[in-house]
Amino acid sequence: MAKITTARGQDVHFVDHGGTGPALVLLHSFLMDESMFAPQVLRFSPTHRCITIDERGHGGTPAEAGFTYWDVAEDVIAVLDHLGIEQAVFSGTSQGGFIALRIALLAPERVRALAVLGSSGEREDPEVADSYRRIAAAWREHGPVDQLLDAVASLCLGEFDAEEWKAKWRKVSGDHLTTILDTLVDRDDLTARLPEIHVPALVLHGDADAAYPLAKARLIAERLPNAELVVVPGGAHFLSLTDPDAVNESLARFLSQN
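Scope of this entry: the structure provided in the associated data block. What you see as residue numbers is a count from 1 along each chain, following the sequence as written. Only residues with pLDDT of at least 70 are given local features in this predicted model, and only at 80 or more are side-chain atom pairs given and counted; all residues enter the totals for whole chains, interfaces and linings. Excluded from the side-chain calculation are hydrogens and water; included are all heavy atoms of the structure.

### Side note on the pairing of strand 5 (residues 88-93)
Step number 1: Each residue is placed in one exposure class: buried if its accessible area under a 1.4 Å probe, protein chains only, is under 20% of its type's maximum, exposed if it is over 50%, and partly exposed if it falls in between. Working definition: helices are DSSP H or I runs of at least four residues, strands are E runs of at least two. Numbering for both runs from the N terminus. Across the six residues of strand 5, six count as buried, placing the element largely inside the fold.
Step number 2: The alternating pattern of strand 5 places A88, F90 and G92 and V89, S91 and T93 on opposite faces, both of which are buried.
Step number 3: Note on pairing: DSSP must find at least two bridges between two strands before they are called paired. The pairing of strand 3 (residues 23-27) with strand 5 spans four bridges and is classified as parallel. By the bridge assignment for strand 5, V25 is matched with F90.
Step number 4: Summarising the sheet, strand 5 and strand 6 (residues 111-117) pair through six bridges and their orientation is parallel. Each residue of the ladder has a partner; that of T93, found in strand 6, is L117.
Step number 5: Seen with its strands pointing away from the viewer, a crossover is right-handed when the path leading from the first strand over the helix to the second is clockwise. Regarding topology, helix 3 (residues 95-106) serves as the crossover connection from strand 5 to the parallel strand 6, and that connection is right-handed.

What follows is the structure, encoded as structure tokens:
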């Protein structure tokens, strides 16, 4: 893993998996890190230069204060600048999708195509936001007890074996969880701006997503001018990890066309 420090003083850890093909930037979900894309790196490294990034407040990338997903989008662009990559395909799962959409609005010339998985272009539903804040409050008070970890795992990963990730989550303090959660639940609504994104887009969503109903994906696909919606039967929220075969099949077809 490599590290850069952006012009604004933000450290960002990333992995350049190498290769001479087109760049494919993979952006991970909330509470995860760049390693969640191991199935995609294995599948696409022969044809693409895969770049995985620890987003701010996750993995090896710190978050010293509050931030927005627009800030994280700038972090990602700084990594591309450092690597000399002018344009890439961006694929983001859940939180990674929030960031990918913002990159497409912030620097459209850097985006060759876009894949958004298990994500949303809207603000967080207030009731859902309140439920997440209650989890963070319990985390601060009691620590990452099994009941909380099981609830997060079920919401995000469905029936997937989450023990590896629970071990990482046990190291997350309540204060840190609150910092990164505030970014998620307070994010701005992109719905009105989605028609500005004209690059080819793949919208992938599992019909067993416990966090975001399929309507969230349908709205993204309807608002993006050049989008295709693919529904993964039984797919969980973090479906690039939980349902890699179905995701990789659709992503491979999309990448071959773009």
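### Section: the packing of helix 4 (residues 126-142) against helix 7 (residues 174-185)
Packed helices, taken two at a time, are described by the angle their axes make and the gap between the axes.
Step number 1: Fitted lines through C-alpha atoms give the axes, limited to the stretch in contact for helices. The angle between two N-to-C directions lies from 0 to 180 degrees. For the pair helix 4 and helix 7, the least separation of the axes is 9 Å and the interaxial angle reads 170°. By the angle between their directions, the pair helix 4 and helix 7 is classed as roughly antiparallel. In this structure, helix 4 uses A129, Y132, R133, A136, W139 and R140 to contact helix 7, whose residues at the interface are G174, D175, L177, T178, L181, L184 and V185.
Step number 2: In this count, Pro and Cys sit with the nonpolar residues alongside Ala, Val, Leu, Ile, Met, Phe, Trp and Tyr, while Asp, Glu, Lys and Arg are called charged and the others, Gly among them, polar. Taken together, the residues of the contact of helix 4 with helix 7 break down into eight nonpolar, two polar and three charged. Any angle between 65 and 115 degrees counts as roughly perpendicular, while under 35 counts as roughly parallel, over 145 as roughly antiparallel, and the rest as oblique. Throughout, a contact is declared for two residues whenever any of their heavy atoms are within 4.5 Å.

### Thoughts on helix 5 (residues 146-157)
Step number 1: One less than the residue count of a helix, multiplied by 1.5 Å, gives the span that helix is expected to have. The first and last C-alpha atoms of helix 5 sit 15 Å apart over twelve residues, in line with the 16 Å expected at 1.5 Å per residue.
Step number 2: Every buried residue of helix 5 is accounted for by L148, L149, V152, A153, C156 and L157. End-on view of helix 5: buried residues confined to an arc of 130°, all on one side of the axis.
Step number 3: Of the surrounding elements, those touching the buried residues of helix 5 are helix 4, helix 6 (163-169) and helix 9 (239-242).
Step number 4: Downstream of helix 5 by a residue or two, G158 has a phi angle that is positive, lying close to 60°. In this context, the arc is that of the directions from the helix axis out to the C-beta atoms.

### Here we look at unusual backbone geometry
Step number 1: Positioned with a positive phi, L31 is a non-glycine residue whose angle comes to about 70°.
Step number 2: As for its position among the elements, L31 is in the loop between strand 3 and helix 1 (38-44).
Step number 3: Despite not being glycine, S94 shows a phi value in the positive range, around 55°.
Step number 4: Looking at the secondary structure, you find S94 in the loop between strand 5 and helix 3.

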